[in-house]
Amino acid sequence: MDADSLLLSLELASGSGQGLSPDRRASLLTSLMLVKRDYRYDRVLFWGRILGLVADYYIAQGLSEDQLAPRKTLYRGAPLLSPQVQIKEETRLVSVIEQIDKAVAIIPRGALFKTPFGPTHVNRTFEGLSLSEAKKLSSYFHFREPVELKNKTLLEKADLDPSLDFMDSLEHDIPKGSWSIQMERGNALVVLRSLLWPGLTFYHAPHTKNYGYIYVGTGEKNMDLPFML
Amino acid sequence: MGDLPPYPERPAQQPPGRKTSQASQRRHSRDQAQALGADPEERQQIPPDAQRNAPGWSQRGSLSQQENLLMPQVFQAEEARLGGMEYPSVNTGFPSEFQPQPYSDESRMQVAELTTSLMLQRLQQGQSSLFQQLDPTFQEPPVNPLGQFNLYQTDQFSEGAQHGPYLRDDPALQFLPSELGFPHYSAQVPEPEPLELAVQNAKAYLLHTSINCDLSLYEHLVNLLTKILNQRPEDPLSVLESLNRTTQWEWFHPKLDTLRDDPEMQPTYKMAEKQKALFIRSGGGTEGEQEMEEEVGETPVPNIMETAFYFEQAGVGLSSDESFRIFLAMKQLVEQQPIHTCRFWGKILGIKRSYLVAEVEFREGEEEAEEEEVEEMTEGGEVMEAHGEEEGEEDEEKAVDIVPKPVWRPPPVIPKEESRSGANKYLYFVCNEPGLPWTRLPHVTPAQIVNARKIKKFFTGYLDTPVVSYPPFPGNEANYLRAQIARISAATQVSPLGFYQFNEEEGDEEEEGGAGRDSYEENPDFEGIPVLELVDSMANWVHHTQHILPQGRCTWVNPLQKTEEEEDLEEEEEKADEGPEEVEQEVGPPLLTPLSEDAEIMHLAPWTTRLSCSLCPQYSVAVVRSNLWPGAYAYASGKKFENIYIGWGHKYSPESFNPALPAPIQQEYPSGPEIVEMSDPTVEEEQALKAAQEQALGATEEEEEGEEEEEGEETDD
């Protein structure tokens, strides 16, 4: 979620039960600002919180002008060297974040657009999805370089708008049903939760520009998903 | 243009681009022309509804006359102005011809008038480099002018290339799309000049409505330009595409309809209505004062806002307005049901909807009425079955051949716990969202708990969904939900040491089967444990719910203890087949066991403690988080504590879930010397037997004749 709208975003994402305490919120706001200044990022996202045994990691990501360029990830927390495992905890942390990002970081359709020169930009005229669109999985894209786009048939591609539809949509995610879409607050908020990486919550208020995702969890994939559906 | 390859190359890639530049050209020069045409008031915009219906065509026909009249004046001026341009005449065709038609939007016109002069000045300052020549190769009929328009627009602007002389105005080319309009047109205008004809062609082409919708390119451009002029964005060029898209969208979603409700928003409004009902206090105005007094007294509704505040300090919980709504919903529940105490247990997330769970205790005596109804139904069923068994046995005894009785006996059903004890100590109500009615969950049976331990399924959010699993779960989602709630409560409801204490009256421990005491009460002398101590040691927290035994109950019941009915039946049956059935008594940790005694999960501590705020320990709250059931939290501060669960409702296991294997294939009945399975007779054998029997009948009629033959035939089997 965007650092600029952190407080509102946390409110909206609170349906999953995990949030931030007021002192954390205050400190995050300040530190995200500083990160933005120091690293000269265009946008700083608060990615989420990974719960650890002793302490938690707070993760932030910085985006440059081109939204799809590889993001820099920053973390804050006490690294704990677990005695059994040889790998450094930091490496493990980074790999978990990358896995989660690749798998389940999502964005509504129309929030970014691609210019013919290559870079993607934030779409300033994105007014939000309509209610009917918000309930469909096809209105959300993975926030990463497209993988499946080339495999589409020509017929499907003909309906796409290349300036908007340049990322994979969630429709074809495997296993099917690994996303839960719900309306909360009496239809005023659509919340997507990933069942594959429990703890990832994406929220969007239809007809507004508010959207974002946050991950709060232990950083473990739910390998039992096929049994649970 | 390099990033367009993934999509099929459209043959019309170039021309639409040209079209747009042509359109832009027309825009700019139209404005120019208008200023020159010495009548700024003639500059009018085409109202969007101009071309909607067939009658519109005829109007256009008549108006083109005016066009013709105006054209010559403007034409010359244009030529002088745009020297290098080859096509000035085209640009001048449009202004002011639709004079008599009313506008849909007066204000637009006025604003536009004021601004055109500014624009003209800018244009005149030599931005003619922006103008591009029209493509000589353009021959494509407009397939989807609106769709292609915005895709490739930016290319054109960036290129700035000059193109050769344009032969576009060949009327023959223009003819294709606008055949509709032409009959009228040609009937009224005797002999237009070729240039005028070209202009009209171009215009007619622009006015041609797109195949997909009622919108024509002309109207769309008008809308777009008006929008730009009204809004005056900072860098209109870069936002041109988005504006175009927005204009298109708005065309199809006019916000003019105040009579009909927006169908999309209906569910939202309905939900809002329901939640509004929550906020209305029951009772009228005059009774308001009395109500105030009543409400100030004790209510069973807990102080959810306070709990939410403390949990928020810990970083857990729902947002504050959500909590408030839950509070109101619980208040509603308390009004509807005879409730003695109640507590917000937590939220269980589901795939389609989530559950809000309230843990309640009914007042004495209230609950039993409902329970009896349920029990009668089940008991009636059991009585029926008993009768069935007895009748079956009698029939069997009468039969000549006694069918061997199966050795297998179904395992005895473990009776469920009584209400208000063990796992059924509390009643649970669920609802999906505050404002929706609360549903009561049935009591949990030990079989359900045992099965719930073997499966792992997501909740869908609908209570009557069947739970499809192996081993088959005895119940639907409501039962599964109740079983999980029972397990979570038993494992994660904790309180600071000393908050609860055992009752002063102690029963004989042996009577209860050594299971320990199962009741506790609040300790009035509890002074609170300092927060730092709570965080340091797990021994300062205790479980205050009973542990559920492997059997599925909190108090152990020997399944072999037979009731009187069963003993009577047994006397009739053989007792030899019982087999080894000694069952050991199951024992679990007693109530009020400290958390330090909890088993580890593969080297992982089962609980994690945290101070809510490390920067100000004197005011912070101790938080305990369960690692075994992710989502279970408890906080304690001073004399207050509370538990909550917000999560998916599943246990954490470091290993993957291994579903139970199906049962082994059953053995066939063993063949022994006394029982041999015979092979079925073939058709020939049956026929031979039949023939033999007939002959036997025939032979007995003859009495003693042919005895030898009978014997011989009977041995043919």
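Computed from a prediction, not measured in an experiment: that's the story for all the values here.

1. Quick look at the overall build of chain A
The secondary structure content of chain A amounts to 6 helices and 11 strands. Of the contacts made within chain A by residues no fewer than 6 positions apart, 55% connect residues no fewer than 24 positions apart. Carbon and sulfur atoms make up 57% of the accessible area of chain A, which amounts to about 10,300 Å² in all.

2. What to know about the packing of aromatic side chains
Residues and elements named next belong to chain B. This model, assessed by the stated rule, comprises 20 aromatic pairs over all chains. When the centroid spacing of 5.1 Å and the interplanar angle of 85 degrees are considered together, the rings of phenylalanine 311 and tyrosine 635 count as edge-to-face. Of the two residues, phenylalanine 311 is situated in helix α14 (residues 304–314) and tyrosine 635 in strand β11 (residues 632–637); the sequence distance between them amounts to 324 residues. Just as phenylalanine 311 is buried, tyrosine 635 falls in that class too. Their ring planes at 70 degrees and their centres at 5.4 Å tell us that phenylalanine 473 and tyrosine 480 sit as a pair that is edge-to-face. In this structure, phenylalanine 473 and tyrosine 480 share a single accessibility class: buried. An aromatic cluster is present here, built from Phe309, Tyr310, Phe311 and Tyr635 joined pairwise through their rings.

3. Some remarks on the packing of α14(B) against helix α15 (residues 320–336) of chain B
Residues and elements named next belong to chain B. At a minimum axis distance of 9 Å, the contact between α14 and α15 shows a crossing angle of 150 degrees. The orientation of α14 with respect to α15, classified from their angle, is roughly antiparallel. Where α14 crosses over α15, the two elements pack in a sense that is right-handed. Of the residues in α15, those touching α14 at Ile304, Met305 and Ala308 are Ser320, Ser323, Phe324, Ile326, Phe327 and Met330.

4. With respect to the nonpolar core
Most often, soluble globular proteins keep nonpolar side chains buried together rather than apart. The biggest cluster of nonpolar side chains holds 54 residues, and the ones touching the most others in it are Met1(A), Leu32(A), Phe46(A), Met330(B), Val360(B) and Trp438(B). The element that contributes the greatest number of residues to this core is α15(B), accounting for 6 residues. In this view, Trp438(B) contacts Ala329(B), Met330(B), Leu333(B), Leu356(B), Ala358(B), Phe429(B), Val430(B) and Cys431(B); residues no more than four positions away in its chain are not counted. Counting residues in each nonpolar core, the second largest holds 51 residues, with Ile485(B), Phe499(B), Val531(B) and Tyr645(B) among its members.

5. A short note on the interface of chain A and chain B
Across the boundary between the two partners, chain A contributes 60 residues, which contact 53 residues of chain B. Counting the surface lost from both chain A and chain B, the interface buries some 4,500 Å², and carbon and sulfur atoms represent 50% of this. Remark: the boundary between chain A and chain B carries 3 salt bridges. Taking the shortest distance from any N to any O, the salt bridge between Arg25(A) and Glu312(B) comes out at 2.7 Å. For the pair chain A and chain B, the interface holds 9 residue pairs in polar contact (both at pLDDT 80 or more). Within the residue set of the side of chain A that touches chain B, elements represented by two or more residues are α2 (22–39), α4 (131–134), α5 (154–158), β8 (179–184), β9 (189–194) and α6 (225–228) of chain A. Broken down by element, the residue count for the side of chain A that touches chain B peaks at 5 residues, all from β8(A). Of the residues belonging to the side of chain A that touches chain B, the class tally is 26 nonpolar, 21 polar and 13 charged.

6. Remarks on the side chain of Ser323(B)
Relative to the helices and strands, Ser323(B) is located in helix α15. With sequence-adjacent residues up to four places away left out, Ser323(B) is seen in contact with Ile304(B), Met305(B), Ala308(B) and Leu318(B).

7. Some remarks on the pairing of strand β12 (residues 640–647) of chain B
Residue and element names in this part refer to chain B. In terms of residue burial, β12 counts as a mostly covered element, since 7 of its 8 residues are buried. Inspection of the sheet shows strand β1 (residues 339–348) paired to β12 by 3 bridges, in the parallel sense. When the sheet's bridge partners are listed, glycine 346 is paired in β12 with tyrosine 645. Between β11 and the antiparallel strand that follows it, β12, lie 2 residues; glycine 638 among them carries a positive phi value of about 65 degrees.

Rules of the game
Residues numbered from 1 in each chain as written. Chains lettered and ligands numbered in written order. Predicted model: local features only at pLDDT ≥ 70, side-chain atom pairs only at ≥ 80, totals over all residues. Heavy atoms only, no water. Helix = DSSP H or I, 4+ residues; strand = E, 2+ residues; numbered from the N terminus. Contact = heavy atoms within 4.5 Å. Areas by Shrake-Rupley, 256 points an atom, 1.4 Å probe, with all protein chains shown as cover. Phe/Tyr/Trp six-rings, centres within 6.5 Å; stacked < 30°, edge-to-face > 60°. Buried < 20%, exposed > 50% of the residue type's maximum accessible area, 1.4 Å probe, protein only. Axes fitted to C-alpha atoms, helices over the stretch in contact; angles between N-to-C directions. Parallel < 35°, antiparallel > 145°, perpendicular 65-115°, else oblique. Left-handed = near helix turned anticlockwise from the far one by under 90°. Core = buried A, V, L, I, M, F, W, Y, C linked by side-chain atoms within 4.5 Å. Buried area = accessible area lost by both parts, 1.4 Å probe. Salt bridge = Lys/Arg side-chain N within 4 Å of Asp/Glu carboxyl O. Polar contact = N/O pair within 3.5 Å; in protein donor to acceptor, adjacent residues only side chain to side chain. Nonpolar A, V, L, I, M, F, W, Y, C, P; charged D, E, K, R; others polar. Pairing = 2+ DSSP bridges.

These values are about where atoms sit, not about what they do.
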